[in-house]
Amino acid sequence: MQPEFFTCLQNYDWPGNIRELKNYVRRAVLFCRTQELTPNDILPHMRGAILRREARCWETEQRSEAASNDSLIYRVAASEKTMIQEALSQYGHNRTATAKALGLSRAGLYKKLRKYGLLDRLV
């Protein structure tokens, strides 16, 4: 068994249980055309699930790296959140007046409040 095949097995979520994994390995051994199991022996639906999981992990890594590096995106978001909080305080938490002062629609303000976790604090 090639290490890449083993890595693929580890990266699959296995929605069933250990029995599913055991049956899959048996089946892979039976239908293997070579002496060694390779990533090519992974079923297509499993390969797709593995790739989607790896992509999600990569995106999460990128987001956390961007946040920790004080990237432009992180700084803009932090600045926007601060501006919204200050405007809310200035207008006595009146959302219509706050939205107007910030040049947003009420719906736009609500989206940003939800995005920054500020909506729960206002209720």
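Since we're looking at a predicted model, the values are computed, not measured. Each chain has its residues counted from 1, following the order in which its sequence is written. pLDDT decides what is reported in this predicted model: residues at 70 or higher carry local features, side-chain atom pairs at 80 or more are listed and counted, and totals for whole chains, interfaces and linings draw on all residues regardless. Note: side-chain values were computed over all heavy atoms of the structure, leaving out hydrogens and water.

Would you mind going over the nonpolar core in detail, with residue names and values included?
Proteins that are soluble and globular tend to have nonpolar side chains buried together. Residues grouped as a nonpolar core are buried Ala, Val, Leu, Ile, Met, Phe, Trp, Tyr and Cys residues, joined through side-chain atoms within 4.5 Å. Only protein chains enter the accessibility calculation, which uses a 1.4 Å probe; a residue whose area is less than 20% of its type maximum is buried, one above 50% is exposed, and one in between is partly exposed. If you look at the biggest cluster of nonpolar residues, it comprises 12 residues: F5, C8, L9, Y12, W14, Y24, A28, C32, L37, I42, M46 and I50. For this core, the element with the highest residue contribution is helix α1 (residues 3-11), accounting for 3 residues. When residues no more than four places from it in sequence are discounted, the contact partners of M46 are Y12, W14 and Y24. Residues I84, L113, Y116 and L119 belong to the second largest nonpolar core, which totals 8 residues. Labels follow the DSSP assignment, with helices taken as runs of H or I lasting at least four residues and strands as runs of E lasting at least two, numbered in each case from the N terminus. We call two residues in contact whenever any of their non-hydrogen atoms come within 4.5 Å of each other.

Outline the pattern of salt bridges, listing residues and values.
What counts as a salt bridge is simple: a side-chain nitrogen of Lys or Arg found within 4 Å of a carboxyl oxygen of Asp or Glu. All told, the structure shown has 1 salt bridge when counted by the stated rule. A salt bridge links E80 to K112, with the nearest nitrogen and oxygen atoms 2.8 Å apart. Remark: K112 occurs in helix α6 (residues 106-115) and E80 occurs in helix α4 (residues 72-90); sequence separation between them is 32 residues. What makes E80 partly exposed here is its relative accessible area of 23%.

I'd like a description of the environment of L113, backed by residues and values.
Assignment of secondary structure puts L113 in helix α6. With 29 residues separating them along the chain, L113 and I84 place their C-alpha atoms 8.1 Å apart.

Outline unusual backbone geometry, supporting the account with residue identities and numerical values.
Of note, H93 is a non-glycine position whose phi angle comes to about 60°, a positive value. For H93, a relative accessible area of 44% gives the class partly exposed.

Describe in detail the confidence of the model for the protein, supporting the description with residues and values.
Residue-level confidence of the predictor, termed pLDDT, takes values from 0 up to 100. Per-residue confidence for the protein averages 80 on the pLDDT scale, and 88% of its residues sit at or above 70. In the model of the protein, helix α7 (residues 119-122) stands out as the element of lowest mean pLDDT, 66, in contrast to helix α5 (residues 95-102), which has the highest, 92.

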